[in-house]
Amino acid sequence: MEHAYTEADIIRFVRGEMAEDEHNRLELAMQSNESLSAEVENIRHTLSILDQQGAFVLKERFKKLERKKAYKKWIYVILVLMSLFLSGYWVKKVLVKEKMMDSKAIYAQYFEPYRSPVVTRSQEGTQSIMQSATKAYQQKDYNLAFDLFLGACSEVNQESCFYASLSAIYAYDNRYPEAKNNIGKHSPYLSIILWNEALLFLKNSDNKKAKATLKELVKRGDYKKDESLKILKNLELTE
């Protein structure tokens, strides 16, 4: 990059998190630096796609969850009426069985991970690798995509580490920490990876890991905080 701004700086600029003087300096730098201006627009586009798709998918998931809750209320009403005709033993058995199945059924039906779109920038020395990796990712060949993105993953190329992590998560490959560990603790990319991990844990009904990951997202507070709190509340994962 032919400028002094990091990806984290640009992401804060795009999200409106910069102080006014810092924001103005970056805007002024963009006017005389085409490379910086192009990178700002690219990151703006990437974050917009991720936010829009994530919000849409989560909204649909919760619509289904609310319908499930409404359906369950009617089931409980029917069970109460049945208690007038059935013995207390059988009524209790049905209620306990319903309670045991509830959370697992919700995870299996409503929390499959959404696929984040891949939008990469050309990087010197890695362009051909990134193009091949992007193609594999788009074709949902996540094992190949992981290997290719991992080949370009480094402290400098955080973008490749990010998509390598997502590819491994979507392939249910436990190697994703190989890429995830190269991403800085304060990077916005790490929050997006944690969100996808949480969805994977929910899909697999791994309550303990899902709870811990969602709470970590809430603590970070920079991505999907409100959604994470809502999931914790709706799935009764809070202590």
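Think of each chain on its own: its residues are numbered from 1, step by step along the sequence as written. Residues qualify for local features only when their pLDDT is at least 70, as the model is predicted, and side-chain atom pairs are given and counted only at 80 or more; totals for whole chains, interfaces and linings, by contrast, use all residues. By convention in this description, side-chain values take in all heavy atoms of the structure and omit both hydrogens and water.

Our focus in this paragraph is the overall build of the protein chain. Only DSSP runs of H or I reaching four residues or more are called helices, and only runs of E reaching two or more are called strands; each is numbered from the N terminus. The helix and strand inventory of the protein chain stands at eleven helices and zero strands. Any residue under 20% of the maximum accessible area for its type is buried, any over 50% is exposed, and the rest in between are partly exposed; the area is computed with a 1.4 Å probe on protein chains only. Looking at the protein chain residue by residue over its 239 residues, the buried ones come to 42%. Put simply, of all contacts in the protein chain between residues at least 6 apart along the chain, 63% involve residues at least 24 apart. All accessibility values rest on the Shrake-Rupley procedure with a 1.4 Å probe; residue burial counts only the protein chains present in the view. Approximately 14,000 Å² of the protein chain is accessible, and the part contributed by carbon and sulfur atoms is 54%. Note on contacts: a residue pair is in contact if any heavy atoms of the two residues lie within 4.5 Å.

The next thing to look at is the nonpolar core. Buried residues of nine kinds, namely Ala, Val, Leu, Ile, Met, Phe, Trp, Tyr and Cys, make up a nonpolar core once their side-chain atoms join them within 4.5 Å. Tyr137, Phe149, Phe162 and Ile183 are the most contacted members of the largest nonpolar core, which has 41 residues in total. Among the secondary structure elements, those contributing two or more residues to this core are helix H5 (127-138), helix H6 (142-152), helix H7 (158-170), helix H9 (188-203), helix H10 (207-220) and helix H11 (225-234). Among the elements that take part in this core, H9 stands out by supplying eleven residues, more than any other. In this structure, isoleucine 183 is in contact with Gln158, Cys161, Phe162, Tyr189, Leu190 and Ile193, ignoring residues within four places of it in sequence. Membership of the second largest hydrophobic core comes to eleven residues, among which are Tyr5, Ile10, Ile43 and Leu47.

On to H6, then. The complete set of buried residues in H6 reads Tyr142, Ala145, Phe146, Phe149 and Ala152. Projection of H6 onto a plane perpendicular to its axis shows the buried side chains occupying an angular sector of 130 degrees, all on one side. The arc in question is the one spanned by the directions pointing from the helix axis to the C-beta atoms.

A few words now on the side chain of asparagine 33. By the secondary structure assignment, asparagine 33 is in the loop between helix H2 (20-32) and helix H3 (34-82). Here asparagine 33 falls in the buried class, since its relative accessible area comes to 16%. Within the structure, the side chain of asparagine 33 is placed 3.1 Å from the backbone nitrogen of serine 35, a separation counted as a polar contact. In protein, a polar contact requires one atom able to donate a hydrogen and another able to accept it; more generally it is a pair of N or O atoms within 3.5 Å, and residues adjacent in sequence count only if both atoms are side-chain atoms.

Note on terminology: disulfide denotes any pair of cysteine sulfur atoms within 2.5 Å. All told, the structure shown has one disulfide when counted by the stated rule. Between the sulfur atoms of cysteine 153 and its disulfide partner cysteine 161 the distance amounts to 1.9 Å. Taking the sign of the S-S torsion, about 95 degrees here, the bridge from cysteine 153 to cysteine 161 comes out right-handed. Each member of the pair, cysteine 153 as well as cysteine 161, carries the same accessibility label: buried.

Salt bridge, as used here, is a side-chain nitrogen of Lys or Arg placed within 4 Å of a carboxyl oxygen of Asp or Glu. With the rule as written, the count across this model stands at nine salt bridges. When the shortest N-O distance is used, the salt bridge between aspartate 21 and arginine 25 registers 3.7 Å. Of the two residues, aspartate 21 and arginine 25 are both situated in helix H2; the distance of four residues between them amounts to about one turn of the helix. Residues glutamate 41 and arginine 44 are paired through a salt bridge, measuring 3.5 Å at the closest nitrogen-oxygen approach. Placement of both glutamate 41 and arginine 44 in helix H3 is noted, with a separation of three residues, approximately one turn of the helix. Sharing partners across several salt bridges, the network here consists of Asp9, Arg12 and Glu22.

So, about a positive patch on the surface. Among the surface-exposed residues, Lys69, Lys73, Lys230 and Lys233 lie close enough to one another that they form a single positively charged patch. Elements supplying a minimum of two residues to the positive patch: H3 and H11. Assignment of secondary structure puts lysine 69 in helix H3. For lysine 69, a relative accessible area of 32% puts it in the partly exposed group. Candidate patch residues must exceed 30% relative accessible area and have no salt bridge, after which like charges are joined if within 9 Å and Val, Leu, Ile, Met, Phe, Trp or Tyr side chains if within 5 Å. Counting rule for charge: Lys and Arg are taken as positive, Asp and Glu as negative, and neither His nor the chain ends is counted. Charged side chains are reduced to one point each, which is NZ for Lys, CZ for Arg, CG for Asp and CD for Glu.

Here we take up the packing of H7 against H9. Orientation is described by lines fitted to C-alpha atoms, with helices fitted over the stretch in contact, and by angles between N-to-C directions that extend from 0 to 180 degrees. Running from amino to carboxyl end, H7 crosses H9 at an angle of 0 degrees, the nearest separation of the two axes being 10 Å. Relative to H9, the element H7 lies roughly parallel. The segment H7 lies against H9, with Gln158, Glu159, Phe162, Ser165, Leu166, Ile169 and Tyr170 engaging Tyr189, Ile192, Ile193, Asn196, Glu197 and Leu200. Throughout, the term roughly parallel applies to angles under 35 degrees, roughly antiparallel to angles over 145, roughly perpendicular to angles from 65 to 115, and oblique to all others.

Before going further, it helps to spend a moment on the confidence of the model for the protein chain. The predicted model of the protein chain averages 77 in pLDDT, with 74% of residues at 70 or higher. Mean pLDDT values over the elements of the protein chain span from 47, in helix H4 (residues 88-110), up to 91, in H2. Every residue carries a pLDDT, the predictor's confidence in it, which falls somewhere between 0 and 100. Long-range and interchain partners of residues 91-103, a stretch whose pLDDT sits below 50, account for ten contacts in this model, where long-range means more than four residues apart. Taken together, the stretch residues 109-114 has pLDDT below 50 and engages in 23 contacts with residues farther than four places along the chain or on a different chain.

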